[in-house]
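Summary of the model geometry
Letter by letter, the chains look like this.
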Amino acid sequence: MDNSFINYLAQQILSNYKERLDELIVVLPNKRAKVFLESSLKKQVNTPVFSPTICSIEELLHTITGMQSVDNIELLFEFYEVYQSCTPKDALQDFEKFSSWAVTLLQDFNEIDRYLLDPNHVLGYLKDIEDIKHWSLDVQNHTPLITNYLAFYDRLSNYYALLYSKLKNQNKGYQGMIYRESIQCLDSYVANLTSPILFAGFNALNAAEEKLFQRLALEQKAEILWDIDATFVNDSFHEAGYFARKIISTWKYYKSHPFERIVKDFQAPKNITIIGTPKTVGQAKIVGAIIDKINPEELSDTAIVLGDENLLEPLLNALPDSVDKVNITMGLPAKNNPIQVFFDKLFKLHLNAQSRGKSYVFYYKELQDILLHPVIALLFDTEAVSTYIKKQNISFIGYERLCNILEESKVEKLFVDVFFRPWNTSATDTLERLFEVVNLLKEQLNLSESNQRLTQVYLYTLYNVFIRLKNYFDTYTQVNDVKLLYQLYKQTIQQAEVSFEGEPLGGLQIMGVLESRTLDFKNIIITSLNEGTLPAGKTTQSFIPYDVKLELGLPTYKEKDAIYTYHFYHMISRAQNIHLFYNTESEGLDAGEKSRFITQLEIEKQENHRVSHEIYAPKIPAKAYTPVVIEKTDTVIERLHEIANSGFSPSALTNYLRNPIQFYYQKVLGLSESDDVEEEIAVNTLGTIIHKSLEKLYTPYLDQFLTISHVAEMKSKVEEVVEEQFKNEFLEGDISNGKNLIAFEVAKRNIQNLLRLEEEAIKGGDSIKVLALEQKLEKTLSHKKLPFDVTIKGEVDRIEERNGTIRIIDYKTGKVEPGKLILEDWGKLISIEHDKVIQILAYAFLYADKVKDQKLEAGIISFKNLANGFMPYAFKVGREKTTEITEETLQFYLNELVELINEILNPAIPFEEELI
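Conventions and cut-offs
Residues numbered from 1 in each chain as written. Predicted model: local features only at pLDDT ≥ 70, side-chain atom pairs only at ≥ 80, totals over all residues. Heavy atoms only, no water. Helix = DSSP H or I, 4+ residues; strand = E, 2+ residues; numbered from the N terminus. Rg over C-alpha atoms; globule rule 2.2 N^0.38 Å. Buried < 20%, exposed > 50% of the residue type's maximum accessible area, 1.4 Å probe, protein only. Areas by Shrake-Rupley, 256 points an atom, 1.4 Å probe, with all protein chains shown as cover. Lys, Arg positive; Asp, Glu negative; His and termini not counted. Charge placed at Lys NZ, Arg CZ, Asp CG, Glu CD. Salt bridge = Lys/Arg side-chain N within 4 Å of Asp/Glu carboxyl O. Core = buried A, V, L, I, M, F, W, Y, C linked by side-chain atoms within 4.5 Å. Contact = heavy atoms within 4.5 Å. Polar contact = N/O pair within 3.5 Å; in protein donor to acceptor, adjacent residues only side chain to side chain. Pairing = 2+ DSSP bridges. Phe/Tyr/Trp six-rings, centres within 6.5 Å; stacked < 30°, edge-to-face > 60°. Lys NZ or Arg CZ within 6 Å of the ring centre and 35° of its normal.

1. Remarks on the overall build of the protein
- Secondary structure assignment for the protein yields 35 helices and 29 strands.
- Taking 916 residues into account, the globule formula puts the C-alpha radius of gyration at 29 Å, and the protein, at 39 Å, lies well above it.
- For the protein, with 916 residues in total, the buried portion stands at 51%.
- Carbon and sulfur atoms form 48% of the exposed surface of the protein, whose accessible area is close to 44,700 Å².
- Each charge sign in the protein was given a centre, from 98 positive and 130 negative side chains, and these centres are 1 Å apart.

2. A short note on the pattern of salt bridges
- In total, this model carries 44 salt bridges according to the counting rule given.
- Close ionic contact of D474 with K470 constitutes a salt bridge, the shortest N to O distance being 2.8 Å. Taken together, the residues span about one helical turn, with D474 and K470 both in helix α23 (residues 453-475) at a distance of 4 residues.
- Among the residues examined, D474 registers a relative accessible area of 40% and is labelled partly exposed.
- Taking the shortest distance from any N to any O, the salt bridge between D766 and R802 comes out at 3.7 Å. Taken together, the residues span a long stretch of sequence, with D766 in the loop between α33 (738-763) and β21 (768-781) and R802 in strand β22 (residues 790-802) at a distance of 36 residues.
- By relative accessible area, R802 is classed as buried at 12%.
- One connected set of salt bridges, linked through shared partners, spans E758, D766, R798, E800, R802, R807, K855 and E857.

3. Some words on the nonpolar core
- One finds F79, F199, F343, F419, F420 and F466 to be the most contacted residues of the largest nonpolar core, which totals 206 residues.
- Ignoring anything within four residues of it in the chain, the contact list for F199 reads V27, I57, L60, F213, L216, A222, E223, I224 and L225.
- Ranked by size, the runner-up nonpolar core spans 59 residues in total, among them V816, L829, V837 and I860.

4. Considerations on the side chain of D113
- The residue D113 is located in helix α5 (residues 95-114) in this model.
- According to the relative accessible area criterion, D113 is buried, its value standing at 0%.
- A distance of 2.4 Å separates the side chain of D113 from the side chain of Y160, its partner in a polar contact.
- If near-sequence neighbours (up to four positions away) are discounted, D113 is found in contact with Y160, Y164, Y174, G176, M177 and R180.

5. Comments concerning the sheet that holds strand β27 (residues 874-877)
- Read from one edge to the other, the open sheet built from 3 strands follows the order β24-β27-β28, with strand pairing classed as mixed. On the outer flanks of this sheet lie β24 (822-823) and β28 (880-882), each paired with one strand and no other.
- Of the strand pairs in this sheet, β24 and β27 are connected by 2 bridges, and their pairing is parallel. Looking at β27, one finds that L823 is bridged to F875.

6. So, the packing of aromatic side chains
- Counted by the stated rule, this structure contains 65 aromatic pairs.
- A ring pair is formed by F232 and F266, whose centres lie 5.1 Å apart and whose planes are at 55°; its orientation type is tilted. Here F232, found in helix α12 (residues 230-234), pairs with F266, found in the loop between β8 (262-263) and β9 (270-277); they are 34 residues apart in sequence, far enough to count as distant.
- Between Y656 and F911, the aromatic rings sit 6.4 Å apart at their centres with planes inclined by 75°, giving edge-to-face as the arrangement. Here Y656, found in helix α29 (residues 650-658), pairs with F911, found in strand β29 (residues 911-912); they are 255 residues apart in sequence, far enough to count as distant.
- Judged by relative accessible area, Y656 falls into the buried class, the value being 3%.
- Overall, F911 belongs to the buried group, its relative accessible area being 0%.
- We note R261 situated over the ring of Y8; from NZ or CZ to the ring centre the distance is 3.7 Å.

As structure tokens, then:
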């Protein structure tokens with residue numbers, strides 16, 4: 001843009017410092033602006049010249065002090081050494097607990113130094129506040145907890161002084177310390193300074209920066225060029241002009257010098273489009289559509305500013321093909337890439353295995369997270385191993401056994417050793433293991449292929465993270481714990497980024513809010529304008545209370561809001577076409593209220609601003625959900641014929657009634673739910689165990705009239721038999737505690753209660769002969785209404801003769817009420833309400849030919865309703881109920897059954913989903 005601040009700055013430099021251009025030091029708020037300033041200078045000079053020195057404020061301070069910056073994790077280690085040296089042994093904490101509060105305290109130390117406050121006064125003030133809170137005069141009544149708490153606050157000044165001294169002796173420091181040191185070095189620096197300095201594009205300054213700027217300006221060693229619009233300065237309530245108004249009114253320099261510069265760009269004509277979208281990802285799609293409409297020649301004068309940097313990846317995927325050049329000034333966060341996710345899961349796998357003691361066993365879910373991860377899938381096939389674990393129902397698996405399973409699956413021993421060999425508790429040894437993993441992945445993955453290039457970049461980023469961590473633990477040897485390593489890994493990876501390569505001045509610009517400082521664009525798109533994102537929320541971790549910060553002049557959330565307000569309004573001040581996006585959802589992880597900046601723009605609408613507001617809502621279909629309908633093709637009909645020949649079971653028929661689509665998936669397509677390890681025994685597994693336990697107990701007494709002694713013998717074997725069946729069905733599942741132990745006891749109790757009923761019946765004079773258990777039955781159904789003969793098959797849990805009546809019994813582990821087995825109208829049989837009747841009458845139909853002159857009944861024994869005992873099917877006419885199943889009963893049943901089977905086989909009737 002011709003009227004951009006950078007172009008104006010370049011003009012001022014060439015106009016005012018032409019003779020001393022090579023001596024000039026230009027100080028900017030960030031490094032990003034340097035590239036744009038150099039480009040603008042090149043465009044405005046016709047002859048070769050030496051460029052001025054262009055640096056950030058941090059680089060200038062390093063020059064003044066000669067000190068090096070220390071990163072946050074290194075600072076934490078340095079502080080821990082100080083903490084250990086001056087804290088009583090009985091009050092010492094391990095590094096993990098120490099770091100939970102040390103990070104916050106270091107931030108406070110940093111603020112104290114940036115604002116040049118007396119640390120003894122501030123930290124002593126905090127001590128006095130805590131004393132008052134706990135009535136320190138009454139020392140005798142202090143508990144040990146309060147005494148230790150107050151002693152901690154008493155040591156804060158000592159912590160600060162020792163840390164400051166320790167770092168200064170090493171000629172390094174954290175940001176605030178370097179600020180304080182620069183002011184202490186200022187006299188000598190000013191005395192020896194021969195080069196002019198130009199501060200440009202700043203807004204919010206801390207106390208140290210204010211002192212530096214004013215001193216150099218008053219000594220005529222520097223000039224200051226601000227960038228603020230008159231609209232914000234002249235409005236005493238506008239937060240964007242908060243710092244400018246404060247500087248104008250309080251600086252001695254501006255009592256006798258003009259404030260340069262105040263512009264009137266914000267009032268220029270602008271097209272402002274405010275767009276609300278549900279969910280953040282929707283913003284990326286619409287941004288892509290907007291970019292597609294922009295003239296390609298204007299893309300280099302177009303910027304997308306991401307309020308939430310997590311939107312970067314969706315945005316890159318949404319950009320149109322017409323965008324051939326993109327410059328991304330922000331990195332892709334390393335914390336969410338597939339390689340990092342893999343290493344995070346590897347950490348959890350081994351750390352949790354360590355926590356289980358000497359056994360070092362892996363939890364199956366954590367193991368499968370590794371085995372089924374896409375990275376591992378590129379190296380070897382682990383599907384067989386995963387299937388074996390599910391089939392054997394293994395919740396926990398040891399290293400040796402895992403080695404054997406993987407070896408049987410033809411997995412190279414090298415892979416097994418590198419990924420799964422137990423880690424020890426040493427951080428340095430663990431890092432060596434992690435380097436082995438990195439090297440193995442680098443060697444084995446074909447990273448030269450184009451589709452693996454990004455994986456290579458991710459792997460290199462992780463390698464650099466591990467190098468940093470290794471340097472920390474090699475330097476600070478007093479801490480060497482693998483849990484701490486994982487904690488620091490998570491902190492380091494939060495800051496790590498995958499950098500993009502690109503032409504910094506060409507094409508579409510994508511950046512974060514802070515990277516936009518001092519830059520201007522004709523077209524600007526800002527995303528994620530929601531409270532808590534832009535502007536950021538009020539939450540700040542600090543030991544210093546809010547009212548103390550106000551009294552001491554430390555920044556609070558109000559100053560933070562003013563900073564964000566300035567950034568926002570600066571981004572749009574010179575832009576002509578502005579698109580502002582916010583999330584309309586008020587609930588969810590990425591939700592929040594519409595940003596106050598948008599509301600402010602709408603309320604304070606300028607005369608030349610054309611503001612429009614659009615809400616993008618997803619198209620809502622006429623129906624919330626359309627049931628699935630599947631036509632019966634020739635292939636489907638052929639498959640149905642196969643099923644009919646092999647046999648319809650009662651459960652398959654009731655499954656069709658419940659949901660025809662489910663029948664289609666399970667019977668026609670042969671699909672079933674994927675098996676998984678049962679940590680807690682499933683209901684169907686428990687039912688199988690009870691059924692098989694009863695089969696084993698009753699089998700020795702088949703075709704015999706049961707006696708009291710028979711029942712007593714069965715009772716004595718219940719625990720042994722149930723335990724055996726649990727081992728057969730639940731395999732390696734643990735039943736020694738928790739819900740599985742309860743399930744084991746429930747199974748025993750259900751069987752014992754049934755045997756108690758048998759015992760009472762025998763004592764009451766019943767003659768009971770068990771004729772069959774888990775009896776498989778099959779019968780061909782021929783009927784004139786059927787297109788061909790159909791097979792009906794089923795497995796009956798128990799068939800008995802009781803007092804001369806044949807009973808067909810179906811066990812149910814769930815609760816069944818007697819009313820569910822009563823039918824009043826044969827025309828209403830074929831419905832899901834009568835699924836139990838359909839099932840037991842099917843068993844009666846299959847077995848009826850074997851019943852000669854005896855009465856036949858069929859019913860259910862419900863273990864959750866044993867008080868009702870055997871509940872028979874009954875047909876009710878008026879008040880009369882009959883439980884006997886006669887030939888007439890079966891004929892009525894067959895007529896209805898044939899109608900149901902015909903519907904299933906009818907090509908004209910599609911499978912249609914039943915909505916519940």
